[in-house]
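# Chain and residue survey
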Amino acid sequence: MNVNRAVLTLDEFTLQQLRQFPTATGELSRLLRDLALAAKRVNVEVNKAGLVDILGDDGSINVQGEDVKKLDVFANNQFVGVLKHGISCAGIGSEELDDFVVFDDEISNNSKYVVHFDPLDGSGNIDVNVSIGTIFGVYRRVSELGKPCTREDFLQPGNKQVAAGYVIYGSSTMFVYATRRGVNGFTLDPSIGEFSLSHPDIKCPPTGKFYSVNHGNFFQYNEGVRKYIDGCQRKTKENGGPYTQRYIGSMVADVHRNLIKGGIFMYPGTTDKPNGKLRLLYEANPFAFILEVAGGCATDGTQRILDIQPESLHQRTPLFIGSKEMMDELKEVSGLK
Ligand code: AHM
Ligand code: MG
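So, a few notes on the structure that sits alongside this text. By convention here, each chain's residues receive numbers from 1 onward along its written sequence. Starting at A for chains and at 1 for ligands, labels are handed out in the order in which the entities are written. Local features are withheld for residues below a pLDDT of 70 in this predicted model, meaning they are given only at 70 or higher, and side-chain atom pairs are given and counted only at 80 or more; totals for whole chains, interfaces and linings count all residues. For side-chain calculations, the full set of non-hydrogen atoms in the structure is used, while hydrogens and water are omitted.

We call an atom a donor if it is N, O or S and sits within 2.8 Å of the metal, or 3.2 Å for Na, K and Ca. Water is not counted, so some sites may look partial. Distances from the magnesium ion (ligand 2) to its protein donors, namely E95 (OE), D118 (OD), D121 (OD) and E283 (OE), fall within the range 2.0 to 2.4 Å. For the magnesium ion (ligand 2), the donor residues sit on a single chain with the sequence spacing E-x22-D-x2-D-x161-E. Within this pair, whereas E95 is found in the loop between β1 (89-94) and β2 (101-102), its partner E283 is found in helix α9 (residues 280-293), the two being separated by 188 residues in sequence. Only protein chains enter the area calculation, which uses a 1.4 Å probe; residues under 20% of their type maximum are buried, those over 50% are exposed, and those in between are partly exposed. Look at E95 and you get partly exposed, because its relative accessible area is 26%. Runs of E in the DSSP output that reach at least two residues are strands. Runs of H or I that reach at least four are helices, and both are numbered from the N terminus.

Structure, rendered in structure tokens:
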């Protein structure tokens, strides 16, 4: 029977991939299935978020604020829960938690992977109905199997990721993940409650028209970055322009658009915050991995994001990421590396 790959579910797809490696254990497929399950649960709550205004006590800013925070915590609990109760993950690092969590039970101690995630990125956007997302990076542990995982497992550079992905809770809900073999996108089909393959083998166009940056910080960027942004505004038909500036303020949505359509996303260091805002382990690294597999690249301005040796769970990094040719031009104009 001929299976139309456009309707393969996420589980079917990962199993199909697995069949090409007869020695594989299926642990990564299970891990992805666990993450997709948590994503579906979060999706249900995110979709109801607007009702808070109707159902809340008095609709004051305070109540809304607390509720938005609760959704962050809810999302975190869902992802921690599926990974802890699954059989593929030895421990996690999360934006929501102060420190790494080592699961330390018999099954988890024999699991191959550790996962970093931001359970609900861009959550400041919830109360205005703008897309938000989940971001994750998966690493093979380096510590001895059979024992609790260690700090060393969590502090590996991004080039050691075996998989990375994101979920976008937008006009539709998508689950996109990359392994070294490719990037594939799945859209949630609400009628069957499954993620179905809608964007096979995603490649980031080598160039595009979108540049995404917080212009409000313009005068806090260094001279090279300002020069590049100035150049983006001056692009004409003659040199690949004109460009369009698009900045949602929700990294998952901004980078997703640029991945599909071609573009560049920047969160540079500022005079106030030299390392910018974004976090290395669960924001920059997963996207850097995905973009590189798709043909793009990512830097902190001095080196490849994926080569940074992490020192702590919540460390921040400047981030420049996107289509290959636009990144080359950024480096040329700004003097960044
Ligand atoms: P968060 O982790 O607190 O949600 O912040 C991360 C978000 C990114 O999704 C987005 O790109 C960035 O913050 C926007 O920040 P700014 O408003 O400073 O431009
Ligand atoms: Mg975040």
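The structure having been displayed, the exposition proceeds.
Our next topic: the pairing of strand β5 (residues 161-169). Counted residue by residue, β5 has nine buried out of nine residues, so it is predominantly covered. Paired strands are those between which DSSP finds at least two bridges. For strand β4 (residues 132-140) and β5, the ladder comprises eight bridges, and the chain directions are antiparallel. Residue G133 lies in a different strand from β5, and its bridge partner there is I168. Inspection of the sheet shows β5 paired to strand β6 (residues 173-179) by seven bridges, in the antiparallel sense. Residue pairing in the sheet places Y169 in a bridge with T173 of β6. Linkage of β5 to β6, two consecutive antiparallel strands, is achieved through a turn of three residues.

Turning next to the layout of surface pockets. Unoccupied space between atoms shows up once a probe the size of one water molecule is rolled over them. Throughout, the protein atoms alone are placed on a 1 Å grid, and a set of points is a cavity if a 1.4 Å probe fits but cannot get out or a pocket if it is open with protein on both sides within 12 Å along at least five of seven lines; lining residues have an atom within 4 Å of a point. Grid points are joined across faces, edges and corners, and a volume is the space filled by probe spheres set on the points. As a volume, the largest pocket reaches approximately 650 Å³. Forming the boundary of the largest pocket are 29 residues, of which Q17, F21, L28, T179 and R181 lie nearest the centre. Of all the secondary structure elements, the ones that give two or more residues to the lining of the largest pocket are α1 (10-19), α2 (27-47), β6 and β7 (182-189). In terms of residues, the lining of the largest pocket owes the most to one element, α1, which gives five residues. Throughout this entry, Asp, Glu, Lys and Arg are counted as charged residues, while Ala, Val, Leu, Ile, Met, Phe, Trp, Tyr, Cys and Pro are counted as nonpolar. The remaining residues, Gly among them, count as polar. Taken together, the residues of the lining of the largest pocket break down into twelve nonpolar, ten polar and seven charged.

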